[in-house]
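Per-entry structural report
These are the residues of each chain, in order.
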Amino acid sequence: MSSRIKIFDTTLRDGEQTPGVNLNIQEKLEIAHQLASLKVDIIEAGFPVASTGDFEAVKAVAQNVKGVTICGLARALEKDIDRAWEAVQYSDGPRIHTFIATSDIHMKYKLKMNPDEVVERAVAMVKHAKKYCDDVEFSAEDAGRSNPQFLYRIFGEVIKAGATVINVPDTVGYTMPLEFGSLIKGIKENVLGIERIDISVHCHNDLGLAVANSLAAIENGATQIECAINGLGERAGNAAVEEIIMSLATRMDYYNIGYNIDTTQISKTSKLVSKLTGIKCQPNKAVVGANAFAHESGIHQHGVLSEKSTYEIMTPESIGLKQNKMVLGKLSGKHAFEDKLKEMGYNLSVDEISKAFGKFKNLADKKKKITDRDIEALVQDKTFEIPQTFVLDSFQINSGNKLISTSVIKIQKGGRIFTEAATGDGPVDAAFNAIGRIIGTGLELNEYELGAVSEGQDALGEVKVRISLDDKFSNGRGISTDIIEASINAYLNAINKMVYEHGEDILNRG
Ligand code: KIV
Ligand code: ZN
């Protein structure tokens, strides 16, 4: 067994293939920087040939995120590999990842190629990638359902051609842990030159076995695990980074294998990915779910109060969860606020600190106790990074159990104030209808979620929305002690993002 496992994070590539997820360049960059803080070994930043947006995002990550290998995906086609190189070349550790399917079912029905042709193409494309880049990964798509003898052959050939990593994807999440472990063992024992390179696995979660299969692979010689934050990815997703790492950390006695990850960054990374993708973790999700460290039954609570290890196999602190202690208040100054941000691990620019401090002061006027979670919410509320095309000036709502809800909304745009009134099915609907009248028609609200950032009657309310216009989607987030204001801010945030990404013409102004 290698003494250190490499974590290949594919949140920005396979994770972005999660239905409904669509990250813009800035969001991808923000996640990539956080993945670097988490200390993953490789970031698969995207599939450059897929679209101009994907290409620009991979390029921006390669240009800006240093100290970590940046990888771009490419089918076994020259044009894909050329485009991948164009994007990753700016990295101080570029990698090209090329793949072709190797199962009988994929070769026959998808590729319409015979096995000899597939080997020939794989070898030629690895050689082509090697002209650009030392670090070339080759994936045998649908390896989980491929003939092991054919895998030994194709992997041996691509290693001869210069591949530095061979990847064994369980593309459709079909294999069982013992079976997958044996496949990796067979590859390790039968592939020529395998001892010189990394053996990687990439497990999908269709039967809920992605993490178990990845761990079985580690036991049998895998040296790189491909995984995604919060288990995002195609269909049921990929193996979750946080579950793999906390298994290795918690059961160090069993696996006895090192890793580079800073586990205290796990919670922050998971929250950021949830926020930017709009995909929330289920409460009982292992490691990062809201209930992962909550104890409900009296017996458990009693046990934990006497000795935490009775029911906790890992500590909340080990994944960077802070106790929700009171920290700052109305009279706290900018220095105290800055110190607090540093203590919480935020490294913000002077401008970002000033903006966050302004928000903190506003909040302190409305809320007595400001907790770490409130501050986290304020800092993550980077709405100011997106041009504020539409800004809320004021709102007035009239609502009651025997009244038709009505709203009057004033929105500022380019120095002008636009006012509209509307009715609706409840106060939020009335507010959104009035905004719709100002901004234009055709916007659809697909998802609306309201939660509290912290406890108490004056808790910060957090609203997340997902809107669409034709085939374009946008996520927005708003926070305020007033949930109607949080809702309006979330809606405007989503609209401003859409305008930022697709131009103002997208709004069908009637
Ligand atoms: O699931 C899969 O096979 C993939 C490959 C491109 C590695 O995502
Ligand atoms: Zn995949």
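Residues numbered from 1 in each chain as written. Chains lettered and ligands numbered in written order. Predicted model: local features only at pLDDT ≥ 70, side-chain atom pairs only at ≥ 80, totals over all residues. Heavy atoms only, no water.

Digging into the packing of helix α13 (residues 334–343) against helix α14 (residues 350–366)
Taken N-terminus to C-terminus, the directions of α13 and α14 make an angle of 110°; their axes are 11 Å apart at the nearest point. Between α13 and α14, the crossing angle belongs to the class labelled roughly perpendicular. Of the two elements, α13 crosses α14, and the hand of that crossing is right-handed. Two secondary-structure elements touch here, α13 through K334, F337, E338 and L341 and α14 through I353, S354, A356, F357 and F360. Grouping the amino acids of the contact of α13 with α14 by side-chain chemistry returns 6 nonpolar, 1 polar and 2 charged. (Axes fitted to C-alpha atoms, helices over the stretch in contact; angles between N-to-C directions. Helix = DSSP H or I, 4+ residues; strand = E, 2+ residues; numbered from the N terminus. Parallel < 35°, antiparallel > 145°, perpendicular 65-115°, else oblique. Left-handed = near helix turned anticlockwise from the far one by under 90°. Contact = heavy atoms within 4.5 Å. Nonpolar A, V, L, I, M, F, W, Y, C, P; charged D, E, K, R; others polar.)

What about the pattern of salt bridges?
Counting across every chain of the model gives 25 salt bridges. D54 is paired through a salt bridge with K28; the nearest N and O atoms lie 2.9 Å apart. With a gap of 26 residues between them, D54 in helix α2 (residues 52–64) and K28 in helix α1 (residues 25–38) connect regions that are remote in the sequence. Under the relative-accessibility criterion, D54 is labelled buried at 13%. Since its relative accessible area comes to 1%, K28 is described here as buried. Here K185 and E189 are joined by a salt bridge, their closest N and O atoms 3.3 Å apart. Highlighted residues: K185 and E189, both in helix α7 (residues 177–190), separated by 4 residues, approximately one helical turn. Taken together, the shared-partner salt bridges in this structure form one network comprising R13, D14 and E44. (Salt bridge = Lys/Arg side-chain N within 4 Å of Asp/Glu carboxyl O. Buried < 20%, exposed > 50% of the residue type's maximum accessible area, 1.4 Å probe, protein only.)

Things to note about the coordination of the zinc ion (ligand 2)
Those protein atoms acting as donors to the zinc ion (ligand 2) are D14 (OD), H202 (NE2) and H204 (NE2), and they sit at 2.0 to 2.1 Å. Here the donor residues of the zinc ion (ligand 2) are spaced in sequence according to D-x187-H-x1-H. One end of the pair, D14, is in the loop between β1 (4–9) and α1; the other, H204, is in the loop between β7 (198–203) and α8 (210–219), with 190 residues separating them in the sequence. Side by side, D14 and H204 carry an identical accessibility label, which is buried. (Donors = N, O, S within 2.8 Å, 3.2 Å for Na, K, Ca; no water.)

Side note on the sheet that holds strand β15 (residues 444–452)
Ordered in space as β15-β16-β17, the 3 strands form an open sheet in which the pairing is antiparallel. Across the chains shown, the open sheet's two edge strands, defined by having one partner strand only, are β15 and β17 (472–480). Mean inter-strand twist for the sheet, computed between neighbouring axes without regard to direction, equals 15°. Across 8 bridges, β15 lies against strand β16 (residues 461–469) in antiparallel orientation. Bridging across to β16, Y448 finds its partner in V465. (Pairing = 2+ DSSP bridges.)

Regarding helix α9 (residues 241–250)
Burial analysis of α9 places 7 of its 10 residues in the buried class, the great majority of the element. Those residues of α9 that sit buried are V241, E242, E243, I244, I245, M246 and L248. Those residues of α9 that are buried are in contact with β1, α8, β8 (224–227), α10 (252–255), β9 (258–259) and α11 (266–277).

Structural notes on the pairing of β1
Pairing between β1 and β9: 2 bridges, direction parallel. Its bridge partner lying in β9, I5 is registered against Y259. In this structure, β1 lies alongside strand β2 (residues 42–46), joined through 2 bridges in parallel fashion. For D9, the partnering residue across the bridge sits in β2 and is I43.

Examining the side chain of N475
Summarising the element assignment, N475 is placed in strand β17. Residue class for N475 comes out buried when judged on its relative accessible area of 10%. Here T277 takes part through its backbone oxygen, which lies 3.3 Å from a polar atom of the side chain of N475. (Polar contact = N/O pair within 3.5 Å; in protein donor to acceptor, adjacent residues only side chain to side chain.)

Topic: the environment of N260
Mapped onto the fold, N260 is located in the loop between β9 and α11. Remark: the alpha-carbon pair of N260 and I154, spanning 106 residues in sequence, is separated by 30 Å. When near neighbours in sequence (up to four residues on either side) are disregarded, N260 contacts R4, K39 and D41.

A word on the sheet that holds strand β13 (residues 405–413)
Taken in spatial order, the 3 strands make up an open sheet running β12-β13-β14, and their pairing is antiparallel. Taken across any chain shown, the strands that pair with only one partner, and hence form the sheet edges, are β12 (391–398) and β14 (416–424). Between one strand axis and the next, the sheet turns through 15° on average, direction left out of account. Strand direction decides the pairing type here: β12 and β13, joined by 7 bridges, are antiparallel. When the sheet's bridge partners are listed, F395 is paired in β13 with I409.

What about helix α5 (residues 115–132)?
Compared with an ideal rise of 1.5 Å per residue, which puts 18 residues at 26 Å, α5 spans 27 Å between its outermost C-alpha atoms and is within 8% of the ideal. For α5, every residue scored as buried is listed here: V118, V119, A122, V123, M125, V126, H128 and A129. In this fold, the buried residues of α5 make contact with α3 (78–88), β4 (94–101), α4 (104–111), β5 (136–141) and α6 (148–160). Here α5 starts with a cap whose side-chain oxygen sits 3.1 Å from the backbone nitrogen of D116, and that cap is N114. (Expected span 1.5 Å × (residues − 1).)

Digging into the domain arrangement of the chain
Considered domain by domain, the chain is made up of domain 1 (4–277), domain 2 (294–380) and domain 3 (384–508). Measuring from the centre of the C-alpha atoms in domain 2 to the corresponding centre in domain 3 gives 27 Å. Taken together, the 14 residues of domain 2 in the interface contact 12 residues of domain 3. Carbon and sulfur atoms make up 53% of the area that domain 2 and domain 3 hide from each other, which totals about 1100 Å². Of all residues in domain 2, K366, K367 and A377 bury the most surface against domain 3, accounting for 36% of the area lost on that side. For the pair domain 2 and domain 3, the interface holds 0 salt bridges. Put simply, domain 2 and domain 3 have 1 residue pair in polar contact (both at pLDDT 80 or more) between them. Looking at the side of domain 2 that touches domain 3 residue by residue, the classes come out as 3 nonpolar, 3 polar and 8 charged. (Domains from an automatic or database assignment. Buried area = accessible area lost by both parts, 1.4 Å probe.)

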